[in-house]
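Results of the structural survey
Each chain, written out:
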Amino acid sequence: MIKLKKYIKENIKEKLKNEYPIEPSMLEITYTPQLKMGDLALTFPFQLSKKMNRKPRDLALEVIPFLSSLEGVEKINVAGPGYINIFLNRKKFFSRQLQSLNKSSLVPEEEKIIIEHTNINPNKAAHIGHLRNAVLGDTLGQCLKYKGEKVEIQNYIDDTGVQVVDVAFGFMDMEKKSLEDIKKIKGKFDYYCWDLYTRVFSFLEKNPQAEKRRSEILKQIEEGNNPEAEIASYISNRILKAHLRTMQRIGISYDILPRESSIIGLKFWKKAFYLLKEKKAIYLVNDGMNKGCWVMKLEKEDEKEKIIVRSDRTVTYVGKDIAYQLWKFGLLEKDFYYEPLFKENGKTIWITTHTPNTHSLQFGKGSLVYNVIDTRQSYLQKIVVQGLKSLKYLVQAQKSIHFSYEMVALSQKSLKELNLTISDEDKERNFLEVSGRKGLGVKADDLIDRLEEKALSEVNKRNPELASEQKAEIAHKIACGALRYFMLKFARNSIIVFDFEDALSFEGETGPYLQYTLVRINSIFRNLKEREGFDEKTIFTLISSNEISLDVLSESELVDFWDIVFHASQFEEEILHSIRSLEFSHLAKFSFNLCQKFNAYYHKYSILSEKNIGIKNIRILTIYYIQEVLKCVFSLMGIPQPERM
RNA sequence: GCGCCCGUAGCUCAGCUGGAUAGAGCGUCUGACUACGAAUCAGAAGGUCGCAGGUUCGAAUCCUGUCGGGCGUACCA
C-alpha cells in the first residue's frame, strides 16, 4: 500500500506539473469514508481552486483525463464538491498483496536506536504502572525492529538510590536484620519489601530524626565495601530478578541492564561534571537558597535553577541521568564493564559492572534514543536534553526523545476490592495515583495471576479434554494477550483509571477477542488440512498460479471481500504511523477493527462447505491473508497466538 | 503564579500532518448455536464533540480566550 500510494503520487505529479501549479504537499492520498465511493481519494482540487480562482469540481473534472493509464488503477471519478476518487484494480491489488506478504516495505533510517524502558526501582514489587511502561517500550522496540532498525533495549537499574536505602534502613534499623537474616526470607521477596517500604515511609514521617541515619546509609552505599552496601546490593539484586521474572511472564526482555552503581563506580559523573563545568552549562551558586549547589538553568524559564550537585557535593539523579544519556550516544569517552546475568531462550541478558573483566562487548553508541518515562518526569527529561544542548550536542539533543505517557491510577472501586484504606480527602477524588510509598497499587504479578486464573477457568469450560499443562499454557497466553492489549488500547496521554472488571474482561475490545479471531482462522485451516489435505503448499501454489478470478463472487460478497482485504492491506502504514506518533493505540485499534471485520465475514461466508471451487479458493486466500496480517501485528504488540483456546 | 496534559453517547475510550453522514467497547433492549468454535454475530436506542470567538472552500481536529479536572514546578526519583 505504501509503495502503491507513492507510485500514484509521483505519477500524478509528473502528469500535472506542467499544467497546474501543484505542490507535493497537495498530493497526499487519503481514504474515502466509504469504499463504494472509491478506494483512495485526492483533495488537491480544493487547494488548487484557491490558487487558480476556479471551482474545485470543475478543476477535478478537467484533470481526470490526465490521470488515465495508471498501473493498478481501474477508474477515477469526481465526487461531491471536487474530490477525485480512485478505484483500484482489485484482482491485481489482491494478488500483489499476497505475493508481498512477509516482505516489509518499510525502510530503516537510523544507525542504531536505543530504547530505555521499565526502569523500576529495585526496592519493591512491580505494579501496574510499570506494566504500562514496559508494554509501551517493548511494542515500540518490536515495531522499530519490523521497520528494519537496529534496536537495543536498556533497562536502567537505580540500585543506589534513596528508594533502596529506605528498604535497607527498614531491614537494618526497624527489623534489626542482618544480611544472613534477610537471605533467609522465603517466598516473594519483592512483595515482602513492598510492605516493608510502606512501613519505612510512615516511620520516617513520624520520626524525622531517622533522616540522619538514612543519609548515612546512602553515603555508605555509594562508598561501598561495608555492611550497608552489601545489604543494599543484595536487596536490589534479588528484587531485580523478581522484576525480570515478572516481565518475562508477559514476554518482555532486555539487552543490557545499566546499573547506577556502575555509573558511580566508573566515575561517569565525574567526567560529565567536568564537561558541564568546562562548557559553563552549570555553575556554582554563592548565596541564597541554593548556596553551595551546582545548578543548571532551563532555557526560556528565567529565575528557575535546577540543582544538579547538592551542597554536600553528592550528585542528584538528573546529574547521573545526564551522564547516562551522554554514554548512550557514545559521547562520554568512557564505557561500562559487562557481565552476563542469565540466559533467556538462548539469549544472554547483560548487566553492567564497575569491576573490570575480560568480556568484550559493545553497547550504547546510539544515533537515536527513546526514554520511556511517564509524563510526570517531563521536567527532568527536559533538563537532560538541556544538558546535551549546553554541551553543544545539538543533534543528540534533538534525537533524545522522551516517550511520555500518562499514569495508571486506581478507581475507588478497585481500592475497595484491594481493601486499601485511604484518607477522607482522597475519597472525594475520581481516581487515586498509584503510590509505592503508601502501598497503593496493584502488583503486576497479582494482576497476571488473576488473569491466568480466570483464563484457565474459561479454558476448562471450553476445552475440558486438553491436558492440564496445555490448558495452563493457553491460560497464560490469554492472560498475557489481555494485559498487553489493555495497556495498548488507550492513547498514551490518557490516564488509565484501573478497574478490575475492565482489565479482566475477555469480551469485546480485548486481547482475547483478537486471539479468538486467530484461533477461528487456525481452526478452519486445521479442518481444511484434516478433511481435504489442504496445506500451506496448496496455498502457495494457489497464490503463484495467478488464476484467481474475482468474477465468481456475487456483488455483495465482492464488497465484503474488498472491505476486509483493503483494510488489512493498510497494516504497514499503521505501524509507521504508530511509530511516528508514538501512539500504539492506533495499531491496537487497527488490529481490533480487522478482527471485527473478520468475525463478521466469518459469520456470513462459509469456507469448508462452499461447493464452488472458485469462490472457495478466494475465501481461503482471503482468510489466509488476514491471518498473516494478524500474526504480524499481534507479534508486534506482544500478543501471544494460541493454536486453540 | 508558570509549564504540560485531559474534557466526544449512561460508563470507558478511538477519531491521523483539517476533508465527505462523528465511531468502538461496556451497559440497556430485540434477535441468531443441529453452523468452519457463541470468548461470536445481526439489529435498536443513545451526541448542541465543555463553552465563546477566530482562521478556512471545509474544524471534534488548527489559533485565541474562558470554565472544569489532573500532573509537574524538591539539595526524592
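An account of the accompanying structure is given in this report. (Residues numbered from 1 in each chain as written. Chains lettered and ligands numbered in written order. Predicted model: local features only at pLDDT ≥ 70, side-chain atom pairs only at ≥ 80, totals over all residues. Heavy atoms only, no water.)

Looking now at the sheet that holds strand 1 (residues 29–31). The pairing of strands in a sheet comes from backbone hydrogen bonds and takes either a parallel or an antiparallel form. Read from one edge to the other, the open sheet built from four strands follows the order 1-2-4-3, with strand pairing classed as antiparallel. Each edge of the sheet is formed by a strand with only one pairing partner; in this case those strands are strand 1 and strand 3 (73–79). In this sheet, neighbouring strand axes are inclined to one another by 35° on average, regardless of whether the strands run parallel or antiparallel. As judged from the six bridges shared by strand 3 and strand 4 (residues 83–88), these two strands associate in the antiparallel manner. What sits directly across from valine 73, in strand 4, is leucine 88. (Pairing = 2+ DSSP bridges. Helix = DSSP H or I, 4+ residues; strand = E, 2+ residues; numbered from the N terminus. Axes fitted to C-alpha atoms, helices over the stretch in contact; angles between N-to-C directions.)

So, on to the packing of aromatic side chains. Tallied over the entire structure, the rule returns 29 aromatic pairs. Judged by centre distance (6.2 Å) and plane angle (45°), the ring pair of phenylalanine 403 and phenylalanine 584 falls under tilted. Residue phenylalanine 403 is located in strand 14 (residues 400–403), and its partner phenylalanine 584 is located in the loop between helix 24 (571–581) and helix 25 (585–604); the two are separated by 181 residues in the primary sequence. Assessed through its relative accessible area of 0%, phenylalanine 403 is described here as buried. Consider the rings of phenylalanine 498 and phenylalanine 500, whose centres lie 5.1 Å apart with planes at 85°: the pair is edge-to-face. Phenylalanine 500 sits in the buried class, given a relative accessible area of 2%. By the ring-pair criterion, three or more aromatic residues cluster together here, those being Tyr156, Phe268, Tyr317, Tyr324, Trp327, Phe336, Tyr338 and Phe363. Lysine 277 extends its terminal NZ or CZ atom over the ring of tryptophan 294, reaching a point 5.3 Å from the ring centre. Arginine 450 extends its terminal NZ or CZ atom over the ring of phenylalanine 500, reaching a point 4.2 Å from the ring centre. (Phe/Tyr/Trp six-rings, centres within 6.5 Å; stacked < 30°, edge-to-face > 60°. Buried < 20%, exposed > 50% of the residue type's maximum accessible area, 1.4 Å probe, protein only. Lys NZ or Arg CZ within 6 Å of the ring centre and 35° of its normal.)

This brings us to the protein's contact with RNA strand B. The local shell around RNA strand B holds 68 residues, among which Arg310, Tyr516, Ser523, Tyr602 and Tyr605 are the closest. Sugar plus phosphate, as a fraction of atoms of RNA strand B within 4 Å of the protein: 63%. A distance of 2.5 Å separates a sugar or linking oxygen of RNA strand B from a polar side-chain atom of aspartate 158. Tyrosine 513 has a polar side-chain atom sitting 2.5 Å from a phosphate oxygen of RNA strand B. Elements that contribute at least two residues to the surface near RNA strand B include exactly helix 2 (44–52), strand 4, strand 10 (305–309), helix 14 (378–390), strand 16 (431–433), helix 18 (444–462), helix 21 (511–532) and helix 25. When residues in the surface near RNA strand B are grouped by element, the largest group, eight residues, is from helix 25. A per-class count over the surface near RNA strand B returns 31 nonpolar, 20 polar and 17 charged. (Near = heavy atom within 4 Å. Polar contact = N/O pair within 3.5 Å; in protein donor to acceptor, adjacent residues only side chain to side chain. Nonpolar A, V, L, I, M, F, W, Y, C, P; charged D, E, K, R; others polar.)

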